[in-house]
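An overview of the molecular structure
Single-letter residue listing:
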Amino acid sequence: DEEKFDPASTRTFTIESPSIGATYPIQVALPENYNSSGEKFSTIYVLDGEQDFDLVANTCKSLSDRYGVPNVIVVSIGYGRDRSIDYTPTETGSSTGGAPEFLAFITNELIPKIEQDFNANTARESRTILGHSYGGLFGAYAFAVDNKVFGNYIMLSPSLWFDDEVSLLLEKQNRVDNKDIRQLVYMGIGEAENSGRMQAPFEAYYQILR
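The subject of this paragraph is a nonpolar patch on the surface. Together, Leu 63, Tyr 67 and Val 69 give the surface a local cluster of nonpolar side chains, amounting to about 290 Å² of exposed area. Looking at the element boundaries, Val 69 is found in the loop between helix H1 (49-67) and strand S4 (73-77).

What follows is about the pairing of strand S6 (residues 152-156). Of the pairings in the sheet, the one linking strand S5 (residues 127-132) to S6 comprises five bridges and is parallel in character. Bridge pairing links Leu 130 to Ile 154 in S6. Regarding the hand of the β-α-β motif, the stretch spanning S5, helix H4 (residues 134-145) and S6 is right-handed. Where S6 lies against strand S7 (residues 184-188), five bridges are found, and the strand directions are parallel. Residue pairing in the sheet places Leu 156 in a bridge with Gly 188 of S7. Traced from S6 through helix H5 (residues 162-178) to S7, the parallel crossover comes out right-handed.

Right, let's get into the packing of aromatic side chains. Scanning all chains against the criterion turns up 15 aromatic pairs. With a centroid separation of 6.5 Å and an interplanar angle of 70°, the aromatic rings of Phe 150 and Tyr 153 are classed as edge-to-face. Taking the relative accessible area as the measure of exposure, Phe 150 reaches 1% and is therefore buried. Taking relative accessible area as the criterion, Tyr 153 reaches 1% and is therefore assigned buried. In textbook terms, an aromatic cluster arises when at least three aromatic residues are bridged by ring pairs, as seen for Tyr 24, Tyr 87, Phe 102, Phe 105, Phe 138 and Tyr 141. Geometry around Phe 13 places Lys 113 over its ring, the cationic atom sitting 5.0 Å from the centre.

Turning our eyes to something else, we now look at H5. The largest bend along H5 measures about 35° and falls at Lys 172. Where H5 is concerned, the buried positions are Phe 162, Val 166, Ser 167, Leu 168, Leu 170, Glu 171, Asn 174 and Asn 178. Packing partners of the buried residues in H5 comprise H4 and helix H6 (199-209).

On the secondary structure map, Gln 173 appears in helix H5. A residue is classified by how much of its surface remains accessible, and Gln 173, at 55% relative accessible area, is exposed. Note: C-alpha distance between Gln 173 and Val 145 (28 residues apart in sequence) is 8.7 Å.

Right, let's talk about the environment of Gly 49 for a bit. Within the element layout of this structure, Gly 49 appears in helix H1. Residues Gly 49 and Arg 197, 148 residues apart in the sequence, show an inter-C-alpha distance of 26 Å. In this structure Gly 49 touches Gln 27, Ser 76, Ile 77 and Gly 78, once residues within four positions along its chain are discounted.

Rules of the game
Residues numbered from 1 in each chain as written. Predicted model: local features only at pLDDT ≥ 70, side-chain atom pairs only at ≥ 80, totals over all residues. Heavy atoms only, no water. Patch = residues over 30% accessible without salt bridge, like charges linked within 9 Å, V, L, I, M, F, W, Y side chains within 5 Å. Areas by Shrake-Rupley, 256 points an atom, 1.4 Å probe, with all protein chains shown as cover. Salt bridge = Lys/Arg side-chain N within 4 Å of Asp/Glu carboxyl O. Helix = DSSP H or I, 4+ residues; strand = E, 2+ residues; numbered from the N terminus. Pairing = 2+ DSSP bridges. Right-handed = clockwise from strand over helix to strand, strands pointing away. Phe/Tyr/Trp six-rings, centres within 6.5 Å; stacked < 30°, edge-to-face > 60°. Buried < 20%, exposed > 50% of the residue type's maximum accessible area, 1.4 Å probe, protein only. Lys NZ or Arg CZ within 6 Å of the ring centre and 35° of its normal. Bend = angle between axes of the 7 residues up to and from the residue. Contact = heavy atoms within 4.5 Å.

Structure follows, in structure tokens:
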């Protein structure tokens, strides 16, 4: 089992989104020196929060300790609607295509609350979004269509094959606006995923971003 992140440094609340009509459970992991310093911390927004909160929060703490660099505030977003709705950019059936609404929720409802209630740096370059599979697909969507929200993107095994590789089309449509903006994009894929539908769009997207 994944080691639980320190409960004393965890804040938990729910946020009801009127625009979506769903309630999202949010977990926030605070750095050890959060209360003793007035400094502003960078933030990592983690999709699939129920699965990934403890892993990401513990990893961030470990890296901060090991390299002597400032830790971050980890914000995990749990499920309000089905992930296949919230994380996919286009409608291919009744349970897909909610990414535009979900990104608006993050941008207009969640981020302002986090930056009001916690010592979070409000600069774009201090915000990271992390997701895997459909969550990685959502990161690619956010990167393409509303690049001013996040300055850093971690896309793990992103489902870029979705809807005939629509992510590559969205990137191309928005490239003029995005190509001169500075950002950090990390893409990762498992060795066992190097065949089938995952690999080709992953490689194509990577080469385009390079």
